[in-house]
Amino acid sequence: MTALRTTQSATPNDSGLAPVASLPGVGPALAETLRKLGIERLQDLWFHLPLRYEDRTRITPIRALVAGESAQVEGVVEAVETGFRYRPQLRVAITDASQETLLLRFFHFRHQQAQQFAPGLRLRCFGAIRHGQHGLEMVHPQYRVLHGDTAVEETLTPVYPVTEALGQQRLRSVIDKALARLPGEAELELIPPNLLRPLGLMPLREALLGVHRPAPDANMQALLAGSHPAQQRLAFEELLAHHLSLKRLRAQVRKHRAPALPPDPGLRQRFLDALPFTLTGAQQRVGDEITRDLDKRVPMLRLVQGDVGSGKTVVAALAALHAIANERQTALMAPTELLAEQHLRSFRAWFEPLGIEVVWLAGKVTGRARDKVLAQLAEGAPIAVGTHALMQEGVAFARLGLAIVDEQHRFGVQQRMALRDKGMTGGEAPHQLVLTATPIPRTLAMSAYADLDVSTLDELPPGRTPVRTVAVANTRRGEVIERIRAACAEGRQAYWVCTLIEEELREESAQGRAGFGGGTRERMLQAQAAEVAHAQLCAALPDLAVGLVHGRMKPKEKQAAMDAFKDGRVALLVATTVIEVGVDVPNASLMVIENAERLGLAQLHQLRGRVGRGSVASSCVLLYQAPLSGLAKQRLETLRETNDGFVIAEKDLRLRGPGELLGTRQTGEMGFRVADIVRDASLMPAVQRVGTALLRSHPALAKRLTARWIGAAARFAEA
Ligand code: ADP
Ligand code: MG
C-alpha cells in the first residue's frame with residue numbers, strides 16, 4: 001500500500017522517520033545489519049524493546065541460589081578440570097563467603113580459556129542456575145575476571161533481540177544514540193490527550209526511556225514481570241497498533257461493494273427438507289446472522305467459531321444457498337485434502353439432489369481433468385470445493401459471490417485476502433466466511449480477529465454423549481489393546497492415532513536434514529510411526545481388520561482406507577494426525593492417542609472430536625510416556641476434566657500463549673514485543689475504545705501509530 005509511505009513523507013517534521021544512517025557511527029554496513037532486524041528508521045530503534053532484563057545489580061550468595069532462576073554470583077576458583085567424558089568439558093568450581101560451591105560448566109571453550117582459570121582467581125558470573133549431579137551449577141555463564149573492587153550494575157540490564165552479526169553491546173550503544181534523539185513528549189505522542197488522559201497511562205517518552213534504560217530506583221520486580229507502568233503503557237500502544245492494522249484491513253475490504261445475496265425461501269426450504277436432521281438453535285441463529293450480512297452490498301467478513309462437531313459445514317452450506325439463489329459462485333477452501341474431500345462429500349450429498357453441481361479442485365487434479373474444472377469455474381459452476389489449489393494461478397471464477405475458508409488458523413490473513421482478490425469481479429468483492437474449530441477466547445478474538453465479525457455455535461447437535469477420557473501410561477499398552485479387542489467384538493470401531501516423536505524431529509533438524517518448514521520430512525516420520533504401529537497392532541489383534549491411513553498415501557489409497565472404515569469393513573484404523581479435522585465416522589467410539597503428552601491441548605481436543613459423534617458412549621485413551629512434565633500433566637488433566645472446547649482453549653491460551661493457539665502461520669503476525677495477550681487482556685476494552693475513536697476522528701494518527709509498531713512488517717505485507 002503506497003498510501004502509508006506517502007503519508008509518512010508528507011510529515012517531514014516526524015524525526016522518527018530519519019534513517020538509522022543519520023546517527024553518528026552508523027555506516028552502510030551497520031545499517032544493512034540493522035535492516036535485517038527490521039530496523040531502518042530512528043523510530044524502529046526507539047521501539048526495538050528489550051526482550052527481558054538481567055538483574056546484575058546485586059551479588060547472590062551461592063548458598064542462597066535457587067534452581068531455575070538467573071543470578072549473579074561472585075566467587076573464587078577452587079578447582080578446574082577438563083574432561084572428555086562424552087564430549088569435551090571444562091568444569092570450574094567456585095566458592096564464596098557463604099561456604100558453598102557452585103560448578104560452572106563449559107562445553108565449548110578454547111584452550112586459552114581453560115588455562116586462564118586458576119585456583120584463587122576471582123570471578124563474577126551471571127547465568128541460569130540448575131540442579132547438576134553434584135549440586136547447583138551454571139552452564140555457560142557469562143563471566144568476567146575481577147581485579148580489585150568492581151561495582152555492580154546500578155540498573156537492570158536490558159537484553160535485546162539481536163542477530164549473530166550484532167551483539168548486545170553494539171546494539172545497546174546504537175539504541176543509546178537513537179534515544180538521545182528522542183523528541184519531546186508533544187512530538188512523540190500520537191494519541192490525542194482527550195483519549196489518553198482517562199486511561200491514566202504513563203507518558204510515552206518516559207515509558208520508552210524507562211524500558212530501555214531502567215532507572216536505579218525503578219521497580220525491578222515489576223519490570224521483570226512485565227507489569228511496570230512503562231511496559232503497560234507500551235503494551236497498550238502495541239495492542240492498539242495491531243488492532244488498528246486489522247481494522248484498517250477490514251476497512252479496505254469493506255470499501256468495496258459486494259453483490260447483495262438475498263435468500264430464496266423456496267430453495268432453502270427444499271434444502272432443509274432434504275437434510276437428515278433439523279438445525280440446532282445455534283445453527284439457526286448463526287445462519288440468520290449470515291443472512292443479514294449477505295443481504296447487504298458490503299462484503300461480509302464473518303468468522304464462525306464452533307467446537308468440533310458443532311455442525312459448521314451445514315452453516316457454510318446455508319450461506320452457499322444465498323449465492324446460488326443469486327447466480328453467484330461459492331468457493332469452499334480447506335487446508336488439507338482430507339478435510340476438503342470430507343466437505344466435498346457433504347456438499348455433494350446435500351446439493352446434488354437439488355440439481356446443483358459441486359466441482360472439485362485440489363493439487364492432485366491435473367491435466368485434462370484440471371482444464372475441465374477451470375473451464376467450469378470460468379463458466380460459472382455454482383460451487384467449488386478444494387484446497388489452496390483454488391487460489392493458484394490460472395484459476396478464475398466467472399462471478400464469485402462467496403468465499404468460505406475452513407480452519408482459518410491454518411491460513412494466514414494474507415491467503416484469505418488472496419482468495420478475495422481472485423473473486424473481484426467488476427469492482428465487486430466476494431463475501432467472506434471463515435470457519436474455525438478452535439474456539440477463540442474473547443479477549444484473544446478482540447485482538448487477533450479485529451477484522452472479522454464473530455459468530456459462535458455454542459450448542460452441539462442433540463444425541464451426542466460426552467467422551468470419557470483417561471490417561472494411561474504406555475507401560476499399560478497391552479491393556480489398551482485388550483480394550484480395543486473387546487470394543488470391536490461388540491461391533492464398535494476404534495482409532496489408533498500415532499503422533500510424531502518430537503525428539504526424532506529435533507534430532508533430524510540438529511543434523512540439518514529436516515530443512516526449514518520440513519513438512520515433507522515430518523509427514524514421512526509420522527507415516528513411519530504409523531506403519532510401525534500398524535504392524536504391531538495387526539500382530540496383536542489377528543482377528544481384527546486393521547486399516548492404515550497417513551499423509552504419504554495417495555489420495556485414492558487414503559480414500560479407500562477411509563471408506564473401508566466408514567463402511568465398517570475395517571474395525572481399527574491406525575492413523576496419523578491427518579484425521580485431526582473433519583473426519584466423521586459416527587460408529588467409531590474409541591480413540592487411542594499415542595504420545596499424547598507431546599500434543600497441544602487444542603490438537604488433542606480436535607482429535608478427540610472424531611469420537612463421540614454417535615449415540616454410544618465413547619472414550620478416549622491418552623497413552624503417554626512417563627515421566628510427564630508439569631505442563632503435560634496439566635494438559636492431560638484438563639482433557640480428562642472437560643469436553644468443552646472453550647474451556648480448553650482458555651486453558652491452552654494460558655499454558656502456551658496465543659501463537660500456538662492461532663497456529664504457526666500467525667505466530668509471526670502476532671509476535672508482540674511487549675504486549676502479552678493473556679497478561680494484558682484487561683487493556684483490550686480500552687484498546688478497542690481508543691481504536692474506534694482514532695479511526696473515526698484521527699485516521700492519519702492511526703496510520704502513524706501502526707507504522708511505528710509494525711511499520712517494517714506492514715511495508716512488506718502491503719507491498
Ligand atoms: P464441525 O463443526 O466439526 O465441522 P460438522 O459440520 O462436520 O462439524 O458436523 C458434524 C456432524 O454432525 C456431521 O455428521 C453432521 O452431519 C452432523 N450434524 C450437523 N448438524 C446437525 C444437527 N443439527 N443435528 C444432527 N446432526 C448434525
Ligand atoms: Mg468441520
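Bear in mind the structure is a predicted one, so any value in this text is a computation, not a measurement.

1. Notes on the overall build of the chain
Thinking step 1. Helix and strand counts for the chain stand at 28 helices and 21 strands.
Thinking step 2. Here the chain holds 719 residues, and the buried ones make up 53% of them.
Thinking step 3. By sequence separation, contacts in the chain at least 24 residues apart represent 76% of the contacts at least 6 residues apart.
Thinking step 4. Counting every atom, the chain has about 32,000 Å² of accessible surface; 52% of that belongs to carbon and sulfur.

2. Thoughts on the sheet that holds strand β13 (residues 400-406)
Thinking step 1. One open sheet holds the seven strands; their spatial order is β11-β12-β10-β13-β14-β9-β15, and the pairing between them is parallel. Both edges of this open sheet fall to β11 (358-361) and β15 (453-457), since each of them pairs with a single strand only. Ignoring which end each strand starts from, the neighbouring axes of this sheet average 20 degrees apart.
Thinking step 2. Relative to strand β12 (residues 383-386), β11 runs parallel, the two sharing four bridges. Bridge pairing in β12 places L361 opposite G386.
Thinking step 3. Sitting on the sheet, helix α12 (residues 281-294) touches β9 (301-306), β14 (431-436) and β15, and the angle it makes with β15 is about 155 degrees.

3. Looking at the nonpolar core
Thinking step 1. Counting 59 residues, the largest nonpolar core has F271, I290, F347, F351, L361, L377 and L433 as the members making the most contacts within it.
Thinking step 2. The contact partners of L361, leaving out residues within four places of it in the chain, are R370, V373, L374, L377, V385, G386, T387, A389, L390 and V395.
Thinking step 3. Among the nonpolar cores identified, the runner-up in size contains 56 residues, and A31, L182, L190 and L244 belong to it.

4. Observations regarding the site of ligand 1
Thinking step 1. Around ligand 1 lies a shell of 16 residues, among which G309, K312, T313, R464 and D584 are the nearest.
Thinking step 2. One nitrogen or oxygen atom from the side chain of K312 is found 2.7 Å from an oxygen atom belonging to ligand 1.
Thinking step 3. Expressed as a share of its isolated accessible area of 560 Å², the protein-covered part of ligand 1 is 81%.
Thinking step 4. Looking at the shell around ligand 1, its residues break down into four nonpolar, seven polar and five charged.

5. Overview of the environment of Q606
Thinking step 1. Along the chain, the position of Q606 falls in helix α22 (residues 601-608).
Thinking step 2. For Q606, a relative accessible area of 5% translates into the label buried.
Thinking step 3. Sequence separation between Q606 and T577 is 29 residues; the distance between their C-alpha atoms is 9.7 Å.

6. Here's the deal with the confidence of the model for the chain
Thinking step 1. Chain-level pLDDT for the chain is 85 on average; 88% of the residues reach the 70-or-more range.
Thinking step 2. Note on residues 1-12: pLDDT under 50 across the span, and 16 contacts to partners over four residues away in sequence or across chains.
Thinking step 3. Segment residues 659-669 is flagged for pLDDT under 50; beyond a separation of four residues in sequence, or across chains, it makes 28 contacts in the model.

7. Brief notes about the packing of helix α13 (residues 312-325) against helix α14 (residues 337-351)
Thinking step 1. At a closest axis distance of 11 Å, the pairing of α13 and α14 adopts a crossing angle of 55 degrees. The angle between α13 and α14 falls in the class oblique. Of the two possible hands of crossing, α13 and α14 adopt the one that is right-handed. Across the interface between the two elements, T313, V314, A316, A317, A320, L321 and I324 of α13 pack against H343, S346, F347, W350 and F351 of α14.
Thinking step 2. Looking at side-chain class alone, the contact of α13 with α14 contains nine nonpolar, three polar and no charged residues.

8. Remarks on unusual backbone geometry
Thinking step 1. Residue P627 is reached from A626 by a cis peptide bond, and omega for that bond is -5 degrees.
Thinking step 2. Here P627 is to be found in the loop between β21 (619-624) and α23 (630-641).
Thinking step 3. Positive phi is not limited to glycine here, since H140 has a value of about 45 degrees.
Thinking step 4. Residue placement: H140 occurs in the loop between β6 (135-139) and β7 (142-145).
Thinking step 5. Despite not being glycine, E327 shows a phi value in the positive range, around 55 degrees.

9. Examining the pattern of salt bridges
Thinking step 1. Applying the stated criterion to the full structure yields 31 salt bridges.
Thinking step 2. Between R302 and E289 there is a salt bridge; the shortest N-O distance is 3.9 Å. In this pair, R302 is assigned in strand β9 and E289 in helix α12, connecting sequence segments 13 residues apart. Here R302 and E289 have matching classes, each one buried.
Thinking step 3. Notably, a salt bridge pairs R476 with E479, separated by 3.2 Å at the nearest N-O pair.
Thinking step 4. Looking at R476, the relative accessible area reads 38%, which means it is partly exposed.

10. So, the side chain of D293
Thinking step 1. Assignment of secondary structure puts D293 in helix α12.
Thinking step 2. Excluding its chain neighbours within four sequence positions, the residues that come into contact with D293 are V298, M300, R302 and H431.

11. Topic: helix α8 (residues 204-212)
Thinking step 1. Buried residues of α8: L204, A207, L208, V211 and H212, and no others. Looking straight down α8, one finds its buried side chains confined to an arc of 120 degrees; they lie on one side.

12. Description of the pairing of β9
Thinking step 1. The buried fraction of β9 is high, at six of six residues.
Thinking step 2. Along β9, one buried face is formed by L301, L303 and Q305 and the opposite face, lined by R302, V304 and G306, is buried too.
Thinking step 3. As judged from the five bridges shared by β9 and β14, these two strands associate in the parallel manner. In the sheet register, L303 faces β14, and the bridge partner there is V434.
Thinking step 4. The pairing of β9 with β15 spans five bridges and is parallel. For L303, the partnering residue across the bridge sits in β15 and is V454.

13. A word on the side chain of R105
Thinking step 1. Along the chain, the position of R105 falls in strand β4 (residues 101-106).
Thinking step 2. Of the residues examined, R105 reaches a relative accessible area of 14% and is grouped as buried.
Thinking step 3. Contact partners of R105, with chain neighbours within four places excluded, come to Q89, L90, R91, R130, E137, M138, V139, H140 and P141.

14. Details of the packing of aromatic side chains
What describes a pair of aromatic rings is the distance from one ring centre to the other and the angle between the planes of the rings.
Thinking step 1. Considering all chains together, one arrives at nine aromatic pairs under this definition.
Thinking step 2. Here F47 and W709 contribute two aromatic rings whose centre-to-centre distance is 4.9 Å and whose plane-to-plane angle is 65 degrees, an arrangement assigned as edge-to-face. With F47 in the loop between α3 (42-46) and β1 (52-54) and W709 in helix α28 (residues 699-718), this pair connects stretches of sequence that are 662 residues apart. Neither F47 nor W709 differs from the other in exposure class; each is buried.

15. Here we look at the sheet that holds β21
Thinking step 1. The parallel open sheet is built from six strands, whose spatial order is β16-β21-β20-β17-β19-β18. Each of the sheet's edge strands pairs with one partner strand only, and the pair in question is β16 (468-473) and β18 (546-549). When the angles between neighbouring strand axes are averaged without regard to direction, this sheet yields 20 degrees.
Thinking step 2. Relative to strand β19 (residues 572-575), strand β17 (residues 493-497) is paired through four bridges, and the arrangement is parallel. The residue bridging A494 from the neighbouring strand is L572, located in β19.

Conventions used here
- Residues numbered from 1 in each chain as written.
- Chains lettered and ligands numbered in written order.
- Predicted model: local features only at pLDDT ≥ 70, side-chain atom pairs only at ≥ 80, totals over all residues.
- Heavy atoms only, no water.
- Helix = DSSP H or I, 4+ residues; strand = E, 2+ residues; numbered from the N terminus.
- Buried < 20%, exposed > 50% of the residue type's maximum accessible area, 1.4 Å probe, protein only.
- Contact = heavy atoms within 4.5 Å.
- Areas by Shrake-Rupley, 256 points an atom, 1.4 Å probe, with all protein chains shown as cover.
- Pairing = 2+ DSSP bridges.
- Axes fitted to C-alpha atoms, helices over the stretch in contact; angles between N-to-C directions.
- Core = buried A, V, L, I, M, F, W, Y, C linked by side-chain atoms within 4.5 Å.
- Near = heavy atom within 4 Å.
- Polar contact = N/O pair within 3.5 Å; in protein donor to acceptor, adjacent residues only side chain to side chain.
- Nonpolar A, V, L, I, M, F, W, Y, C, P; charged D, E, K, R; others polar.
- pLDDT = per-residue confidence, 0-100.
- Parallel < 35°, antiparallel > 145°, perpendicular 65-115°, else oblique.
- Left-handed = near helix turned anticlockwise from the far one by under 90°.
- Salt bridge = Lys/Arg side-chain N within 4 Å of Asp/Glu carboxyl O.
- Arc of directions from axis to C-beta.
- Phe/Tyr/Trp six-rings, centres within 6.5 Å; stacked < 30°, edge-to-face > 60°.

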